[in-house]
Amino acid sequence: MTDLLCERSDDGIATLTLNRPDALNAFSFPMYEALIAQLEALRHDAGTRVLIVTGAGRAFCAGHDLRSPGPAPWVDPALGKPYVAKHSITRIAQIPLLMRQLPQPVIAAVNGAAAGIGFAFALAADLCLAAQSAKFVNSIHNAGTGHELGMSWMLPRAVGTQRAAEILLTARPVLADEAARIGLALRVVPDDRLLAEARELAAAICANVPLGVWLTKQSLWLNQGVASLEAACEIESRAVFQAQATEDAAEKRQAYFEKRAPRFGNR
């Protein structure tokens, strides 16, 4: 069985499925390497417009598999323990960065538990749909730490600093309805509708100009770190110039006037 499945469809929507259902899709070290390779490949795939990430079975991702043999295969085992840990987490921490740096918007379709690293992956997505069964837990405390993979940066921006502090420090579970109420998830959907609604959301994104979508995502996250409205407007203005110069932008305008679906060619 392949622990990571990536299915691409002709409509521009790719679905990446964490596929260790017997382990609640907990990550082994080889899975991290496989995910990094998939994200790097998608980054240069012009045919993929949106990426959906979900989990097989009854969980999204239970975090890191503490039974996974270590050290990580990319680390020299002759190094001392602190160095092994540093090299291990530095490699894994590339994953939320790669998700944010992808030109394609990422939709996390969270079914069941999103714990530890699974919680971080859900936060790193651009949009998060929560099944009614979804549960977000900072279980990283179980490994003797308390946060990683940018959670202390991403979570306050999603739910506010005090809520983030409580969730991270207590490690209490956040169920689906609360997740939607506080901004951790976009909305809650029935479990049996999760992937269908994720695809509907992805299709709505795909109806817009490819470069315009990619640059909007880039502006959204770049502008989280700028110090002024002026800087934000400058980033957006440059994006507008680039997107409007494409043939796809002209096609979108024509399709609007002709009341039909646009036909994009990544031009």
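Preceding block: the structure.
Cut-offs and rules
- Residues numbered from 1 in each chain as written.
- Predicted model: local features only at pLDDT ≥ 70, side-chain atom pairs only at ≥ 80, totals over all residues.
- Heavy atoms only, no water.
- 1 Å grid on protein atoms, 1.4 Å probe; cavity = no way out; pocket = protein on both sides within 12 Å on 5 of 7 lines; lining within 4 Å.
- Points joined across faces, edges and corners; volume = space filled by probe spheres on them.
- Helix = DSSP H or I, 4+ residues; strand = E, 2+ residues; numbered from the N terminus.
- Core = buried A, V, L, I, M, F, W, Y, C linked by side-chain atoms within 4.5 Å.
- Buried < 20%, exposed > 50% of the residue type's maximum accessible area, 1.4 Å probe, protein only.
- Contact = heavy atoms within 4.5 Å.
- Pairing = 2+ DSSP bridges.
- Axes fitted to C-alpha atoms, helices over the stretch in contact; angles between N-to-C directions.
- Phe/Tyr/Trp six-rings, centres within 6.5 Å; stacked < 30°, edge-to-face > 60°.
- Lys NZ or Arg CZ within 6 Å of the ring centre and 35° of its normal.
- Salt bridge = Lys/Arg side-chain N within 4 Å of Asp/Glu carboxyl O.

Overview of the layout of surface pockets
Here is step 1: Size it by volume and the second largest pocket reaches roughly 420 Å³.
Here is step 2: Going through the elements one at a time, α3 (94-101), α5 (151-159) and α9 (210-222) are the ones with two or more residues in the lining of the second largest pocket.
Here is step 3: Looking at the lining of the second largest pocket, the element that brings in the most residues is α9, giving 7 residues.

Brief notes about the nonpolar core
Here is step 1: Residues Leu 51, Phe 60, Ile 95, Val 110, Phe 136, Leu 155 and Leu 184 are the most contacted members of the largest nonpolar core, which totals 51 residues.
Here is step 2: Apart from the residues within four sequence positions on either side, Leu 51 is in contact with Ala 14, Leu 16, Leu 39, Leu 42, Leu 102, Gln 104, Pro 105, Val 106 and Ile 107.
Here is step 3: The next biggest cluster of nonpolar side chains, apart from the first, holds 15 residues, and it includes Ile 13, Ile 107, Ala 198 and Ile 205.

Re the side chain of Thr 15
Here is step 1: Here Thr 15 shows up in strand β2 (residues 13-18).
Here is step 2: When sequence neighbours within four positions are dropped, the list of residues in contact with Thr 15 reads Leu 5, Cys 6, Glu 7, Ile 52, Thr 54 and Arg 199.

Observations concerning the sheet that holds strand β6 (residues 113-115)
Here is step 1: One open sheet accounts for 4 strands, arranged β4-β6-β8-β9; its pairing is mixed. In the strand order of this sheet, the two ends are held by β4 (59-61) and β9 (174-175), each with one partner.
Here is step 2: Along the sheet face, helix α4 (residues 117-124) touches β4, β6 and β8 (135-137) and points at about 100° away from the line of β6.

Things to note about the packing of aromatic side chains
Here is step 1: All chains considered together, the criterion is met by 4 aromatic pairs.
Here is step 2: A ring pair is formed by Phe 27 and Tyr 32, whose centres lie 4.8 Å apart and whose planes are at 15°; its orientation type is stacked.
Here is step 3: With a relative accessible area of 0%, Phe 27 lands in the buried category.
Here is step 4: Judged by relative accessible area, Tyr 32 falls into the buried class, the value being 0%.
Here is step 5: Plain terms: the ring middles of Phe 27 and Phe 121 are 5.2 Å apart, the flat faces sit at 80° to each other, and that makes the pair edge-to-face. Of this pair, Phe 27 sits in the loop between β2 and α1 (29-43) while Phe 121 sits in helix α4, and the two are 94 residues apart along the sequence. For the pair Phe 27 and Phe 121, one class covers both residues: buried.
Here is step 6: Over the face of the ring belonging to Trp 221 we find Arg 100, whose NZ or CZ atom lies 3.5 Å from the ring centre.

Quick word on the pattern of salt bridges
Here is step 1: In the structure shown here, the tally under the stated rule is 10 salt bridges.
Here is step 2: Across the pair Arg 20 and Asp 65 runs a salt bridge whose closest N-O atoms are separated by 3.2 Å. Taken together, the residues Arg 20 in the loop between β2 and α1 and Asp 65 in the loop between β4 and α2 (81-92) connect sequence positions 45 residues apart. With respect to burial, Arg 20 and Asp 65 carry one shared label: buried.
Here is step 3: Among the salt bridges present, the one from Arg 187 reaches Glu 197, with a minimum N-O distance of 3.5 Å. One end of the pair, Arg 187, is in strand β10 (residues 187-189); the other, Glu 197, is in helix α8 (residues 194-206), with 10 residues separating them in the sequence.
Here is step 4: The exposure class assigned to Arg 187 is partly exposed, which follows from its relative accessible area of 33%.

Interpretation note: all reported values are geometric properties and have no functional meaning in isolation.
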